[in-house]
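One-letter residues, chain by chain:
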Amino acid sequence: MEEVKVKSNYKDTIFRMLFSDKENLLSLYNALNGTDYTDTEGLEITTLENAVYMNYRNDISFVFSSELMLYEHQSTFNPNMPLRDLIYVTHVLQSLIRDEDLYSSVLVKIPAPRFVIFYNGIKPQPEKRILRLSDAFEGRTNEGGQPELELVVTAYNINADSNPELMEACQMLKEYAQYVEQVRERAKEKELAQAVEDAVDYCIQNGILAEFLSKNRAEAIAMSIFEYDEEKHIRNEKELSYQEGHQAGMEEGHRMGVEEGHRTGMEEGEDRLKRLHKRLLDENRIDELRKSIEDESYQKKLYEEYHI
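Here goes a summary of the coordinates provided. (Residues numbered from 1 in each chain as written. Predicted model: local features only at pLDDT ≥ 70, side-chain atom pairs only at ≥ 80, totals over all residues. Heavy atoms only, no water.)

Observations regarding the packing of aromatic side chains
Thinking step 1. Following the criterion strictly, the structure yields ten aromatic pairs and no others.
Thinking step 2. Considering the side-chain rings of F15 and Y176, the 5.7 Å spacing of their centres and the 70° angle between planes classify their relative orientation as edge-to-face. Taken together, the residues F15 in helix α1 (residues 14–19) and Y176 in helix α5 (residues 171–187) connect sequence positions 161 residues apart. For the pair formed by F15 and Y176, the shared burial category is buried.
Thinking step 3. Their ring planes at 85° and their centres at 5.0 Å tell us that Y37 and F64 sit as a pair that is edge-to-face. Here the residue Y37 occupies a position in the loop between α2 (22–33) and β1 (44–45), and F64 occupies one in strand β2 (residues 60–64), the gap between them amounting to 27 residues.
Thinking step 4. Residue F64 is classed as buried on the basis of its relative accessible area, which comes to 6%.
Thinking step 5. Through successive ring pairs, a cluster of aromatic residues spans F15, F19, Y29, Y37, F62, F64, Y71, F118, Y156 and Y176. (Phe/Tyr/Trp six-rings, centres within 6.5 Å; stacked < 30°, edge-to-face > 60°. Helix = DSSP H or I, 4+ residues; strand = E, 2+ residues; numbered from the N terminus. Buried < 20%, exposed > 50% of the residue type's maximum accessible area, 1.4 Å probe, protein only.)

Thoughts on the environment of V196
Thinking step 1. Along the chain, V196 falls in helix α6 (residues 192–205).
Thinking step 2. For V196, a relative accessible area of 0% puts it in the buried group.
Thinking step 3. A sequence separation of 32 residues divides V196 from Y228, and the C-alpha atoms of the two residues are 9.4 Å apart.
Thinking step 4. Setting aside anything within four residues of it in sequence, one finds V196 in contact with Y179, V183, I221, S224 and I225. (Contact = heavy atoms within 4.5 Å.)

Describing the pairing of β2
Thinking step 1. Most of β2 is tucked away: five of the five residues are buried.
Thinking step 2. Along β2, one buried face is formed by I60, F62 and F64 and the opposite face, lined by S61 and V63, is buried too.
Thinking step 3. Pairing geometry for β1 and β2, over two bridges, is antiparallel. In the sheet register, I45 faces β2, and the bridge partner there is F62.
Thinking step 4. Between β2 and strand β3 (residues 67–74), which pair antiparallel in sequence order, lie two residues; one of them, S65, sits at a positive phi of approximately 55°. (Pairing = 2+ DSSP bridges.)

Structural notes on the packing of helix α10 (residues 286–294) against helix α11 (residues 296–305)
Thinking step 1. The geometry of α10 relative to α11 is characterised by a closest axis approach of 5 Å and an angle of 130° between their N-to-C directions. Viewed along their axes, α10 and α11 adopt a mutual orientation that is oblique. Residue-level inspection shows E288, K291, S292 and E294 of α10 in contact with α11, the latter providing E296, Y298, Q299 and L302.
Thinking step 2. Counted by class, the contact of α10 with α11 contains two nonpolar, two polar and four charged residues. (Axes fitted to C-alpha atoms, helices over the stretch in contact; angles between N-to-C directions. Parallel < 35°, antiparallel > 145°, perpendicular 65-115°, else oblique. Nonpolar A, V, L, I, M, F, W, Y, C, P; charged D, E, K, R; others polar.)

Here we look at empty space enclosed by the protein
Thinking step 1. With the rule as written, the count across this model stands at three cavities of 30 Å³ or more.
Thinking step 2. Looking at the largest cavity, its volume works out to about 60 Å³.
Thinking step 3. As for the largest cavity, its lining consists of Q74, F77, I117, Y119, Q125, P126, R129, A155, Y156 and N157.
Thinking step 4. Elements represented by at least two residues in the lining of the largest cavity include exactly β4 (112–119) and β6 (152–157).
Thinking step 5. Here the element with the most residues in the lining of the largest cavity is β6; it accounts for three residues.
Thinking step 6. Residues that form the lining of the largest cavity fall into these classes: six nonpolar, three polar and one charged. (1 Å grid on protein atoms, 1.4 Å probe; cavity = no way out; pocket = protein on both sides within 12 Å on 5 of 7 lines; lining within 4 Å. Points joined across faces, edges and corners; volume = space filled by probe spheres on them.)

Quick look at the side chain of E227
Thinking step 1. Mapped onto the elements of the fold, E227 is located in helix α8 (residues 217–256).
Thinking step 2. Buried and unpaired, E227 has R184 as its nearest opposite-charge partner, separated by 8.3 Å.
Thinking step 3. There is a polar contact of 3.1 Å between the side chain of E227 and the backbone nitrogen of I14.
Thinking step 4. Beyond its immediate chain neighbours, meaning those up to four positions away, E227 contacts T13, I14, H73 and Y176. (Lys, Arg positive; Asp, Glu negative; His and termini not counted. Salt bridge = Lys/Arg side-chain N within 4 Å of Asp/Glu carboxyl O. Polar contact = N/O pair within 3.5 Å; in protein donor to acceptor, adjacent residues only side chain to side chain.)

A closer look at the packing of α5 against α6
The relative placement of two packed helices is expressed as an angle between their axes plus a distance between the axes.
Thinking step 1. Orientation of α5 relative to α6, taken along the N-to-C sense of each, is 140°, at an axis distance of 8 Å. The pairing of α5 with α6 is recorded here as oblique in orientation. For the pair α5 and α6, the sense of crossing is right-handed. Facing Y179, Q182, V183, R186 and A187 of α5, the residues of α6 in contact are L192, A195, V196, D198, A199, V200, Y202 and C203.
Thinking step 2. Of the residues in the contact of α5 with α6, the class split is ten nonpolar, one polar and two charged. (Left-handed = near helix turned anticlockwise from the far one by under 90°.)

Following this line, the structure appears as structure tokens:
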């Protein structure tokens, strides 16, 4: 098995690497909008590199044709994406209008924002789903019954059997979904690292992301191990953390309420796992990462080593 080298500033995912390429990104834009643009000259990527606000980071944001697009890939459905996107888009807009005078009598123009999620988790979801910021509002709307602040996110299911028209319109998105499916199917029967290597070999041989995987083989394998392991362990940690959160909530219910205790336990469990993964990847300890996937006691040992 080849040695996997991971960049010390590891932050990418397969999805983000694929669609950070302007041609691929324009193809995805065309597929969503029924357009046929070919010139990437007017496409400006505005993703905030290394920008983290309340631990939220967007996969891809860009300006094109007077629109500000925010694209996010998810393997776990998150109903809080409208709020997360609201937080993120304000920072993108700040960077776009930093030279404008907001106190001027002249109206400052901004590109029209649009928000999209590409979901390919294992939990069933509809082919298309609309999420609204106003769904989270507890207070009253205005006299007309409308919220005075709204943000709408459209979520597309991109699993291999969903949204066939969208997938056929963007070959790169289709091949990405096929690659993910190959990894998942093999991971049901094999150790994860081997499953990923076998999936990469199969896809290269069968023309699925072949050029990308051939050029970025080692990094793609490392990223896939990290992504799949994070997806799997977040589910497991949520179950464990729910139980721990329940106990913590019972003990502190007089101060913060039982439900808040549940939520706190879950958030702490997810954060703990992410910090461990990042430390292992930053230090290129891929073998230890692989072992921790299958050995829970070894994972606990790593938590102790890093004082996490």
